Amino acid sequence: DVCCAFCLQITAKAAIVFVALQYNVTQPATEEQATESASLYYYGFKDLATVFFYMLVAIIVHAIIQEYVLDKINRRMHFSKTKHSKFNESGQLSAFYFLACIWGTFILISENYISDPTILWRAYPHNLMTFQMKFFYISQLAYWLHALPELYFQKTKKEDIPRQLVYIGLYLFHIAGAYLLNLNHLGLVLLVLHYFVEFLFHISRLFYFSDEKYQKGFSLWAVLFVLGRLLTLILSVLTVGFGLARAENQKLDFSTGNFNVLAVRIAVLASICITQAFMMWKFINFQLRRWREHSAFQAPPVKRKPAVTKGRSSRKGTENGVNGAVTSNGADSPRNRKEKSS
């Protein structure tokens, strides 16, 4: 009995590392919050266990949405294999983008980000996070990590795997970068902005699969996509290029999580600018391909001129009719035959 109780205690302690958020500290009450103290969090190596656990949760939720929602719709619509895979992709991503966008917007409102934009760079480093802020980042990392084994579970085509790996890697790189560099305020704003635009694209594609004449959603998405890239660059330059560049403390300090040095700022801005340029390049190619397909569909069919044969066949055709066309009586005989004398 003692051994069983000890094993259960060890198992419970190990489970807490996977389920609960780690590295919490209690901040004493201030003049603004004189009645109660606040519990804040920072990051550490134990977060890997938490991310792994919620990655498994994301795989389970992914399977539930696929089996009880998307598969039922697919059986009713009778999609082709290509549309079937694209419908599943847009269905999963639209659900995720919608929930993440609402969750992120709630954090922005509750922590007063919208009314005071200077909070993006003021009092950097932002090494202490609220519970909902840290849980948001843990969930984002877990979701995009779960997308890697889903490539196998969903039996993704080999030609689609490189494209999937590129955008999964970009998400993980930027989310982990904002989390580790204590740029979680800026990262949250940019994620909400990006998720809203992506949600509009995937929900428009779902409507397009049900009715191929539906194009209004794509037109609105195209406008918001360009505006989203522009706002991303403006906020990034404003926060990193101006706000953090004018901060007093610009010394690299791993103990306090201060990465506000020139090299890091240049690297952050370069990665954001290169990613936005890559996305715009893909967007322009996508729009050009759609324009060519639409032009080819609207263009009238070209009438082919009848081929003119040369040589003996043309001369013979002239005898039989015009341009090789056989006349009504030419098939029988071009001229009257002489009757044999008996």
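Bear in mind that the values here come from a model prediction, so they are computed numbers and not experimental data. (Residues numbered from 1 in each chain as written. Predicted model: local features only at pLDDT ≥ 70, side-chain atom pairs only at ≥ 80, totals over all residues. Heavy atoms only, no water.)

1. Quick word on unusual backbone geometry
Put simply, Y124 and P125 share a cis peptide bond, and its omega is 10°. Looking at the element boundaries, P125 is found in the loop between α3 (81–110) and α4 (131–153). Residue Y23 is not a glycine yet carries a positive backbone phi of 65°. Looking at where Y23 falls in the secondary structure, it is placed in the loop between α1 (2–19) and β1 (24–27). (Helix = DSSP H or I, 4+ residues; strand = E, 2+ residues; numbered from the N terminus.)

2. Remarks on the nonpolar core
Within the largest apolar cluster, 37 residues are counted, with the highest numbers of intra-cluster contacts made by Y137, W144, L188 and Y195. Put simply, the parts of the chain that give this core at least two residues each are α2 (47–77), α3, α4, α5 (161–180) and α6 (184–210). Here this core takes nine residues from α4, the largest share from any one element. Apart from the residues within four sequence positions on either side, Y195 is in contact with F96, Y97, A100, C101, Q140, W144, Y171 and I175. By size, the runner-up hydrophobic cluster in this structure holds ten residues, among which are L186, V240, L244 and F259. (Core = buried A, V, L, I, M, F, W, Y, C linked by side-chain atoms within 4.5 Å. Buried < 20%, exposed > 50% of the residue type's maximum accessible area, 1.4 Å probe, protein only. Contact = heavy atoms within 4.5 Å.)

3. Quick notes on the UniProt feature "transmembrane region" (unreviewed entry) in the protein
If you check UniProt for "transmembrane region" (unreviewed entry), the listed places come out as residues 51–70, 91–115, 135–153, 165–182, 188–208, 220–242 and 262–284 in our numbering. For residues 51–70, helix accounts for 100% and strand for 0%, while the C-alpha atoms at its two ends are 26 Å apart. Split by type, residues 220–242 is 100% helix and 0% strand. Its first and last C-alpha atoms lie 32 Å apart. (UniProt positions renumbered as here; feature names shortened; annotations may be inferred.)

4. Description of the side chain of S236
Along the chain, S236 turns up in helix α7 (residues 216–243). Residue classification places S236 among the buried residues on the basis of a relative accessible area of 1%. Among all residues touching S236, those that are not within four sequence positions of it are L190, G241, L269 and I272.

5. Remarks on the environment of N260
Counting through the fold element by element, N260 comes out in the loop between α7 and α8 (262–298). Assessed through its relative accessible area of 2%, N260 is described here as buried. With 136 residues separating them in the primary sequence, N260 and Y124 have C-alpha atoms 8.2 Å apart. Of note is the side chain of N260, whose polar atom sits 2.9 Å from the backbone oxygen of L244. (Polar contact = N/O pair within 3.5 Å; in protein donor to acceptor, adjacent residues only side chain to side chain.)

6. Regarding the side chain of T275
Here T275 is to be found in helix α8. With residues up to four places along the chain from it excluded, the contact list for T275 reads L170 and H174.

7. Some details on the confidence of the model for the protein
A residue-level look at the protein finds 80% of positions with pLDDT of 70 or above and a mean pLDDT of 82. Taken element by element, the predicted model of the protein shows its lowest mean pLDDT in helix α9 (residues 312–320) (44) and its highest in α4 (95). Counting interchain partners and residues more than four positions distant, the pLDDT-below-50 stretch residues 1–8 has zero contacts. The low-confidence segment residues 311–342, where pLDDT is below 50, has eight contacts with residues more than four positions distant or belonging to other chains. (pLDDT = per-residue confidence, 0-100.)

8. As for the environment of L141
Checked against the element boundaries, L141 lands in helix α4. Here L141 falls in the buried class, since its relative accessible area comes to 11%. Along the backbone, L141 and A176 are 35 residues apart, and their C-alpha atoms lie at a distance of 7.2 Å. Apart from residues no more than four positions distant in its own chain, L141 is found in contact with V51, L172, I175, A176 and Y179.

9. Focus on a nonpolar patch on the surface
There is a patch of nonpolar side chains on the surface, built from I60, I64, Y68, V69, I73 and M77 and spanning about 540 Å² of accessible area. Assignment of secondary structure puts I73 in helix α2. What makes I73 partly exposed here is its relative accessible area of 34%. (Patch = residues over 30% accessible without salt bridge, like charges linked within 9 Å, V, L, I, M, F, W, Y side chains within 5 Å. Areas by Shrake-Rupley, 256 points an atom, 1.4 Å probe, with all protein chains shown as cover. Salt bridge = Lys/Arg side-chain N within 4 Å of Asp/Glu carboxyl O.)

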